[in-house]
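Here is what each chain is made of, one letter per residue.
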Amino acid sequence: MYNIYFIVIITIVVLSFAWGQILSYLNRKQMSPVIPEKLEGIYNPEEYAKQQAYQRESSRFGLLSSSFSFVVIVAVLFAGLLGWLDETLREHTSNFILLPLLFFGIILIVNEIIDFPFDWHATFTIEEKYGFNKSTPKLFVTDWIKSILLTLALGGIVLAGLVVIYHYTGKWFWLLAWALVSGISLLISLFYSEWIVPLFNKQVPLEAESLRDAIESFAQKAGFELKNIYLIDGSKRSTKANAYFTGMGKKKRIVLFDTLIQELETEEIVAVLAHEIGHYKKKHIAYSMIQVVISGGISFYILSLFLGSRPLAEALGGSVPSFHLGLIGFSFLFAPISELSGLLFQVISRKNEYEADAYAARFGLGKALISGLKKLSVKSLSNLNPHPWVVFWNYSHPTLLQRITYIEKFL
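Residues numbered from 1 in each chain as written. Predicted model: local features only at pLDDT ≥ 70, side-chain atom pairs only at ≥ 80, totals over all residues. Heavy atoms only, no water.

(A) Representation of the environment of Thr266. Turning to its location among the elements, Thr266 is positioned in helix 9 (residues 266-281). When the C-alpha atoms of Thr266 and Phe116 are compared, they prove to be 39 Å apart, with 150 residues separating the residues in sequence. Not counting residues up to four positions away in its chain, the partners in contact with Thr266 are Leu211 and Ala214. (Helix = DSSP H or I, 4+ residues; strand = E, 2+ residues; numbered from the N terminus. Contact = heavy atoms within 4.5 Å.)

In structure tokens:
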């Protein structure tokens, strides 16, 4: 059982956990009671003390939850529980589709049960303490159940498709699996707001008032055809504000959280949406999808090299090579490559954010965008001074200070 694959997997798990804790420590050490000069005036002393306390408490809780997960994963690997689960299920079924569905279904449910108390504490203790939580225990549990059922349904469909392709196509598995997952991902991205969001939130078209008029006026000025502007009841769960752009072509739509409208002035909201439209105009969304598709193809090709590996199955405690043990073993082995490729995507994402900010600023919305970003940062008690390594490794967006400094070039 403790072969070279096992040693490599354990090494990856340990190093990944250790690196995550180093970054968290650097972030905590970077925290300062002094507000960066350019950001002075955003917080009053009481609010800034609250922000520092929230960041520290969230970081400490993150250390606890990640440490618990680390211990569980290491224990599962050393005990060979994944292999034990495979052999136990084989006593009840040999169906090549049902076996992996049961395997991953059980892992998902067990994982969700383990995570539940941590998520509950984060929501009803930390988020509640700092005034973010608006969810109720009933809504929380309902969301939890819906998420599990949705994951089982969608994940089960994709997994069953992959298993069938692997069973019948052999060496062409990676190519057909790549096409299947890419197609499903595209379908979900087009219909996410119509199919998935309504399961959790109510969306209504933004009424024809001054805000909608201002948004449509800007869209017309920018040469951006926009008919679908929706308002979502984000306040039923949290006070944190957000807005996002989804879909493509005739399916594209802007979705505003009701909390965003409550916090920002009309011009600030238009500036935030101008930023989102900038992503579309600069083709960031299309390029991101292309990047995901290409990386998916590479991942599936490498995966195909490991799926039938007996040593990999044995490293997880199994005795028979299988699709599901190969897939989960590969997920461990591929983690460093995924992490490094993620760094590249983060760099590209931060560049895209700057470009979208510049797009909004060139329409004379720079000051409004800065004002809106400051308000959103205060509302969410976000970290004003994260460690540079943490920004480089984890941040898909530049920091607030970096964005303000950049936008000011266009004022």
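There is more to say after this.
(B) View of the packing of aromatic side chains. Within the structure shown, the criterion is met by 34 aromatic pairs. Ring centres of Phe17 and Phe70 lie 4.2 Å apart, and the angle between their planes is 10 degrees; on these two criteria the pair is classed as stacked. On the criterion of sequence distance, the pair formed by Phe17 in helix 1 (residues 4-30) and Phe70 in helix 2 (residues 45-79) is long-range, its members being 53 residues apart. Aromatic side chains Phe103 and Phe104 sit 5.3 Å apart centroid to centroid with 90 degrees between the ring planes, which places their arrangement in the edge-to-face category. Classification of Phe103 as buried rests on a relative accessible area of 0%. The class of Phe104 is partly exposed, set by a relative accessible area of 21%. Ring pairing ties together the aromatic residues Phe116, Trp120, Phe124, Phe140 and Trp144, which thus form one cluster. The ring of Phe200 has Lys146 lying over it, and the distance from NZ or CZ to the ring centre is 5.9 Å. Over the ring of Phe132 we find Lys240, and its NZ or CZ is 4.5 Å from the ring centre. (Phe/Tyr/Trp six-rings, centres within 6.5 Å; stacked < 30°, edge-to-face > 60°. Buried < 20%, exposed > 50% of the residue type's maximum accessible area, 1.4 Å probe, protein only. Lys NZ or Arg CZ within 6 Å of the ring centre and 35° of its normal.)

(C) Fine view of unusual backbone geometry. You will see that Lys283, though not glycine, has its phi angle at about 60 degrees, which is positive. Position of Lys283 among the secondary structure elements: in the loop between helix 9 and helix 10 (284-304). The residue Leu381 is not glycine, and still its phi comes out positive at about 55 degrees. Relative to the helices and strands, Leu381 is located in the loop between helix 13 (335-380) and helix 14 (388-394). According to the relative accessible area criterion, Leu381 is buried, its value standing at 6%.

(D) Broad picture of helix 3 (residues 81-90). Regarding helix 3, the residues found buried are Leu82, Gly83, Leu85, Asp86 and Leu89. End-on view of helix 3: buried residues confined to an arc of 160 degrees, all on one side of the axis. Elements that come into contact with the buried residues of helix 3 comprise helix 2, helix 4 (98-129) and helix 12 (323-333). (Arc of directions from axis to C-beta.)

(E) Structural view of the confidence of the model for the protein. Averaged over every residue, the pLDDT of the protein is 90; residues scoring 70 or more account for 99%. Helix 3 holds the highest mean pLDDT among the elements of the protein, 96, whereas strand 3 (residues 243-246) holds the lowest, 78. (pLDDT = per-residue confidence, 0-100.)

(F) Layout of the pairing of strand 4 (residues 253-257). Counting buried positions over the five residues of strand 4 gives five, a clear majority of the element. In this sheet, strand 4 lies alongside strand 2 (residues 229-232) in parallel orientation, the contact comprising four bridges. The partner of Tyr230 across the bridge, within strand 4, is Val255. Note that strand 3 and strand 4 share four bridges and pair antiparallel. Bridge pairing in strand 4 links Phe245 to Ile254. (Pairing = 2+ DSSP bridges.)

(G) Seen up close, the sheet that holds strand 2. Strands sit in the order 1-2-4-3 across an open sheet of four strands; the sheet is mixed. Here the strands that pair on one side only, and so sit at the sheet edges, are strand 1 (203-205) and strand 3. When the angles between neighbouring strand axes are averaged without regard to direction, this sheet yields 30 degrees. Running at roughly 30 degrees to strand 3, helix 9 makes contact with strand 3 and strand 4 of the sheet. (Axes fitted to C-alpha atoms, helices over the stretch in contact; angles between N-to-C directions.)

(H) Seen up close, the packing of helix 1 against helix 2. Running from N to C, helix 1 and helix 2 cross one another at 175 degrees; their axes reach a closest spacing of 11 Å. In terms of their interaxial angle, helix 1 and helix 2 are classed as roughly antiparallel. Together, Phe6, Ile9, Ile10, Val13, Val14, Phe17, Gln21, Ser24 and Arg28 of helix 1 and Ser59, Leu63, Ser66, Ser67, Phe70, Ile73, Val74, Leu77 and Phe78 of helix 2 make up the contact between the two elements. Considering only residue class, the contact of helix 1 with helix 2 consists of 12 nonpolar, five polar and one charged. (Parallel < 35°, antiparallel > 145°, perpendicular 65-115°, else oblique. Nonpolar A, V, L, I, M, F, W, Y, C, P; charged D, E, K, R; others polar.)

(I) Here's a closer look at the side chain of His284. Locating His284 in the fold gives a position in helix 10. For His284, a relative accessible area of 4% corresponds to the buried category. A polar atom in the side chain of His284 sits 3.4 Å from the side chain of Asn352. For His284, the side chain forms a polar contact with the side chain of Glu355, separated by 2.7 Å. When sequence neighbours within four positions are dropped, the list of residues in contact with His284 reads Gly278, His279, Asn352, Glu355 and Ala356. (Polar contact = N/O pair within 3.5 Å; in protein donor to acceptor, adjacent residues only side chain to side chain.)

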